[in-house]
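For reference, the chains in residue letters:
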Amino acid sequence: QQQVRQSPQSLTVWEGETAILNCSYEDSTFNYFPWYQQFPGEGPALLISISSVSDKKEDGRFTIFFNKREKKLSLHITDSQPGDSATYFCAADTNAYKVIFGKGTHLHVLP
Amino acid sequence: ETAVFQTPNYHVTQVGNEVSFNCKQTLGHDTMYWYKQDSKKLLKIMFSYNNKQLIVNETVPRRFSPQSSDKAHLNLRIKSVEPEDSAVYLCALRSSGNTLYFGEGSRLIVV
C-alpha cells in the first residue's frame, strides 16, 4: 500500500522558473514531512522539512506549503538552477522509527 | 559531513551466491536502517535497528538478514541472491532531530 504519493513523476523547467513538486499522504498519524534531494551516485540528503503544526516552511529558494486538512504538501523551488536537477523525495514520519518515502520527482532544470 | 560509510560501493555476483554489505556510522545515534532502491529510484524500507534491537522488520524475503556487532555497525547479508535483488542498498542513520543520513549506497548486480 502506497502511503505517500508524489507528482509529477518528472518535471522540466527553465533556469529561473519556479518548480512545483506535489505530495500527498493518507495516514493521519504522520506528523513530520522531510524532503530529500538525491543526485546520481549519491544517497538522499535532507533538503528541508516541516512538521504538521506548521503550514509553511521556507529556506532560501525552497519553500514547503502544507495543507493538513487535505493531507497535501508541495515543495516550491524558486529561481531554479541547473544544479537543482535531481530526484526529490517527499517522506512521511511518525517518529516511530518508520519513514515512508514517495516515489520521487525527477527534476530537470534547463539552462 | 559524511556520517555513514558503506562498502563495497559496487558488487557483481551470480545467482545463488552470498553477499554482504557493510555499514558504519560515526555520529553515535541509535537508529539505523537499510533501504532498497530499485532501478526506478523507489525507496523501500527493509529493516530498522535501534541500538541493536530490530524495530521494524518489513516483509522482505528470508534470504535477507541484518547483522549488527555494535551500535556503530549494521551490515546486510543476502544468503542466496536472485536476479530481482539487483538494486542499490542504502544504509541510513536517524539523528535525534529525525533527520536521516544516508550512505552513498551499495549497488548490487546479479547475473
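Residues numbered from 1 in each chain as written. Chains lettered and ligands numbered in written order. Predicted model: local features only at pLDDT ≥ 70, side-chain atom pairs only at ≥ 80, totals over all residues. Heavy atoms only, no water.

Engineer: Give me the overall build of chain B: which residues, what numbers.
Structural biologist: Along its length, chain B carries zero helices and eleven strands. Helices (α) and strands (β) of chain B occur, in sequence order from the N terminus, as β-β-β-β-β-β-β-β-β-β-β. Relative to the compact-globule value of 13 Å for 111 residues, chain B shows a C-alpha radius of gyration of 13 Å, a close match. For chain B, the C-alpha atoms occupy an extent of roughly 40 × 25 × 25 Å along the three principal directions. When each of the 111 residues of chain B is scored for burial, the buried share is 46%. Once local pairs closer than 6 in sequence are excluded, the contacts in chain B between residues at least 24 apart make up 52%. By element, 45% of the accessible surface of chain B is carried by carbon and sulfur atoms, the whole surface being about 5,500 Å². Seen as two clouds, the 13 positive and the 10 negative side-chain charges of chain B have centres 2 Å apart. (Helix = DSSP H or I, 4+ residues; strand = E, 2+ residues; numbered from the N terminus. Rg over C-alpha atoms; globule rule 2.2 N^0.38 Å. Buried < 20%, exposed > 50% of the residue type's maximum accessible area, 1.4 Å probe, protein only. Contact = heavy atoms within 4.5 Å. Areas by Shrake-Rupley, 256 points an atom, 1.4 Å probe, with all protein chains shown as cover. Lys, Arg positive; Asp, Glu negative; His and termini not counted. Charge placed at Lys NZ, Arg CZ, Asp CG, Glu CD.)

Engineer: Tell me about the interface of chain B and chain A, and name the residues and values.
Structural biologist: Across the contact, 22 residues belong to chain B and 17 residues belong to chain A. Summing both sides of the interface, chain B and chain A together bury roughly 1,700 Å²; the carbon and sulfur share of this comes to 57%. Area buried by chain B at its contact with chain A is led by Lys41, Leu43 and Arg94 of chain B, which between them contribute 27% of it. Counting every contact that joins chain B to chain A gives one salt bridge. (Buried area = accessible area lost by both parts, 1.4 Å probe. Salt bridge = Lys/Arg side-chain N within 4 Å of Asp/Glu carboxyl O.)

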